[in-house]
Every structure is written in structure tokens, then in C-alpha cells.
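Residue-level structural notes
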Amino acid sequence: MNLSCSLWQDNSPSVKHFAFAKFSEVTEQCSLLFTLILLMFSASLTGNALIALAIWTNPVLHTPMYFFLANLSLLEIGYTCSVIPKMLQSLVSEARGISREGCATQMFFFTLFAISECCLLAAMAFDRYMAICSPLHYATRMSRGVCAQLAVISWGVGCIVGLGQTNYIFSLNFCGPCEIDHFFCDLPPILALACGDTSHNEAAVFVVAILCISSPFLLIIASYGRILAAVLIMPSPEGRRKALSTCSSHLLVVTLFYGSGSVTYLRPKASHSPGIDKLLALFYTVVTSMLNPIIYSLRNKEVKAALRRTLGKKKVLTRG
């Protein structure tokens, strides 16, 4: 690998290409992992695309809650597509290299979708808060314009953070080694390859993680704290059950997403382990994206009915 890195540098002081570490020297293990990831990736793309299509084509789902869910599905599609194809290629091919520009592009899109999802999950929690705690004003305070603004802000924050972090990290000098001990160009493993003192960059990554991961999470906690207080004083058990059922899917998705993300980015640097980081990366890039449409479709009668209608239309069109 060192010879390849030397050749890739083209006698310049900074590495021009990187290479992802090989998962295992055992071909069978790589083939098995490739098959599992490919199946989960296919399930994630299919599930999220169907959710977005069902919401788009069924007017009954043109409400704030489902508008945000459609955005979440689009984010999940972009999120997985930014890293999984290259990951799959690296598992079964010797072509595990990636250019510096390609690595920066992958990091930008991964950060964009990840941060946007944090903000969007907070917007979804705020929507549930307004629906349960202020139902009389819900229609006016969560109008189409307000929902669109919250979605644009979520995507915009992700874009700004992605550009800032990627530019800041790739302004560093990389003088070798160039093997990335990971499946994709994530921030911590790329920082580990930079020359010189990277403490300021590591601090910036941590601060952004606190602001863009912890702050939305605190907003979610605050929203659900108010929701729980409102539910507890409801006189009807049926009303309490219905109110909580509208939040259960979102809470489960938040737990999966923030659980893996917090363990990855907010724990001390000394406790990082390449093996654990790779397992966590597989979880929050593949598993959660695959589970999200399942969670929303299994626990929501309206989504299930819309999916049946959408799939029925597709069958009719296919037969025609």
C-alpha cells in the first residue's frame, strides 16, 4: 500500500489519492458482507422511494407530518447513495482507491444529508408538539409555507455545514499514509491521516457535532417533554393512546439515528476503535435507513393504506 501511495502522490507534497482499508483478507467474509449490505441497500432504496411516492400520489397524506416524512425518505436515499456504492465496490474489488476530490465530494454529501436529517427530525418533533399541544392553532401555525421553510432550513443547514467542514478538513496537508481505515470518507478517519497538528480541526468537528447533533436533539427532548405533559392530563385513555401512537414511530427513528450518531461523534477520541467505528458506520448508514420505512409503514395505518393504493396503481399500469 505504501508503494501505491507513493505513486499516487506524483512527487507532490500532498496525497492526491486515498485507498479504503480492506475489510478482510478472507474472500468469503467480504462476499458475505457485500451480499448483506447490497440486500439492505436495495431494501432501503425501495422502501424509502415507495414511502415518498405514496405520499406524493395520495392527497390524503398531503399534511405536514407526511410532508416531513417524504423529505426524510429523500434524505435517507441520498444518505445511503453517498456512501454505499463505493463501499460495495471496495468489498469485492481491488479498486479501493478514491481521489482526493472524490473523497471530499463523498464527505460533503454524507455530511449534508446527515446534518439535514438531524434538523428535519427536530422539525418533525415540533410538528407533533403543535398537533398535540396546540391543536386549535395547528392549521395556521403549520401551514404549507411554514413547513416548506422548515424543510429548506434543514437542507440549508446541512449544505452549509457540509461545505464548511469539508473545506476546512481538505485544506489540510496529507503527506501519507493514505489508507483510510474505514468504509467511506468520514470525518474522523480522514483527520487521522492529516499531517501536523489537527487539534483545531478536531475541536471544530466536535463543536459542530454539539451544535448540529445535540441542539436538534435537545429540541426533540423539549418537544416530547411538553407532549408527555399534555398527554398525561388528557381525560380520555383513548385520546392518550392516539396521541402517543402518532409519536411512537418518530421516537423510534430518533432513537436509532441519534443513538448510533452520538456514540460515533460525541465520544472521546481516545475511545475510538476502527473496528467499532466500522460497525457503527454500517448501522447508521445502512440499517437505520432500511428500518425507517418499515417502522413508519408498519405502525401507521394511513401509510399502509397509501402504499397499497400506490402498489395497486403500479400493478394496473404494468398489466396495461
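Residues numbered from 1 in each chain as written. Predicted model: local features only at pLDDT ≥ 70, side-chain atom pairs only at ≥ 80, totals over all residues. Heavy atoms only, no water.

Some details on the overall build of the chain
Within the chain, the secondary structure is distributed over 12 helices and three strands. Working note: accessible area of the chain is about 15,700 Å², and carbon and sulfur atoms make up 69% of it. (Helix = DSSP H or I, 4+ residues; strand = E, 2+ residues; numbered from the N terminus. Areas by Shrake-Rupley, 256 points an atom, 1.4 Å probe, with all protein chains shown as cover.)

Considering the packing of aromatic side chains
Taken as a whole and assessed by the stated rule, the structure comprises 12 aromatic pairs. Ring centres of F109 and F113 lie 6.2 Å apart, and the angle between their planes is 25 degrees; this geometry places the pair in the stacked category. With F109 and F113 both in helix α5 (residues 100-133) and four residues apart, the pair spans about one turn of that helix. Residues F170 and F174 carry aromatic rings whose centres are separated by 5.9 Å and whose planes lie at 45 degrees to one another, so their mutual orientation is tilted. Here F170 matches F174 in class, with each residue buried. Following the ring pairs from residue to residue traces out a cluster consisting of Y79, F110, F184, F217, F257 and Y258. (Phe/Tyr/Trp six-rings, centres within 6.5 Å; stacked < 30°, edge-to-face > 60°. Buried < 20%, exposed > 50% of the residue type's maximum accessible area, 1.4 Å probe, protein only.)

Brief notes about the state of the cysteines
Scanning the entire structure with this criterion turns up one disulfide. At a sulfur-sulfur separation of 2.0 Å, the disulfide partner of C103 is C185. Looking along the S-S bond of the C103-C185 disulfide, the torsion reads about -120 degrees, which is the left-handed sense. In this pair, C103 is assigned in helix α5 and C185 in the loop between β3 (179-180) and α8 (187-191), connecting sequence segments 82 residues apart. Its relative accessible area of 0% is what places C185 among the buried residues. The closest cysteine sulfur to the non-disulfide-bonded C119 is located on C212, 6.2 Å from its own sulfur. A residue is classified by how much of its surface remains accessible, and C119, at 17% relative accessible area, is buried. (Disulfide = S-S within 2.5 Å.)

A closer look at the UniProt feature "transmembrane region" (unreviewed entry) in the chain
According to UniProt, the "transmembrane region" (unreviewed entry) feature falls on residues 32-56, 68-88, 108-126, 146-164, 203-222, 243-259 and 279-298. The span residues 68-88 is 90% helix and 0% strand, and its two end C-alpha atoms sit 30 Å from each other. (UniProt positions renumbered as here; feature names shortened; annotations may be inferred.)

Comments concerning the sheet that holds β3
The sheet built from three strands is open, its strands ordered β2-β1-β3 with mixed pairing. Unpaired on one side and paired on the other, β2 (97-99) and β3 mark the two borders of the sheet. (Pairing = 2+ DSSP bridges.)

Comments concerning the nonpolar core
If you look at the biggest cluster of nonpolar residues, it comprises 64 residues, and the most contacted ones within it are I37 and L121. Listed by contribution, the elements that provide at least two residues to this core are α2 (27-57), α3 (64-81), α4 (84-92), α5, α9 (199-232), α10 (237-265), α11 (274-298) and α12 (301-319). It is α5 that contributes the most residues to this core, 15 residues altogether. Beyond its immediate sequence surroundings of up to four residues, I37 is in contact with I84, M87, L88, L91, L282 and V286. Ranked by size, the runner-up nonpolar core spans 20 residues in total, among them C103, M107, I169 and L191. (Core = buried A, V, L, I, M, F, W, Y, C linked by side-chain atoms within 4.5 Å. Contact = heavy atoms within 4.5 Å.)

Details of the environment of P216
Along the polypeptide, P216 turns up in helix α9. A C-alpha to C-alpha distance of 9.7 Å links P216 and I115, two positions 101 residues apart in sequence. The residues touching P216, leaving out its near neighbours within four places in the chain, are C118, A122, L211 and Y258.

Side note on the side chain of S116
Mapped onto the elements of the fold, S116 is located in helix α5. Taking relative accessible area as the criterion, S116 reaches 0% and is therefore assigned buried. Those residues in contact with S116, other than ones at most four positions away along the chain, are L75, S154, W155 and G158.

Re a nonpolar patch on the surface
Taken together, L228, L232 and I233 make up a surface patch of nonpolar side chains, about 350 Å² in accessible area. Looking at the element boundaries, L228 is found in helix α9. For L228, a relative accessible area of 45% translates into the label partly exposed. (Patch = residues over 30% accessible without salt bridge, like charges linked within 9 Å, V, L, I, M, F, W, Y side chains within 5 Å. Salt bridge = Lys/Arg side-chain N within 4 Å of Asp/Glu carboxyl O.)

Looking at the side chain of Q106
Note on placement: Q106 falls in helix α5. Looking at Q106, its side chain comes within polar contact range of the main-chain nitrogen of C185, at 2.7 Å. Residues within four places of Q106 in sequence aside, it is in contact with F20, S82, V83, K86, I98, F184 and C185. (Polar contact = N/O pair within 3.5 Å; in protein donor to acceptor, adjacent residues only side chain to side chain.)

Regarding α3
When the terminal C-alpha atoms of α3 are compared, their 26 Å separation across 18 residues agrees well with the 26 Å that a helix rising 1.5 Å per residue should span. A large share of α3 lies buried, amounting to 13 of its 18 residues. (Expected span 1.5 Å × (residues − 1).)

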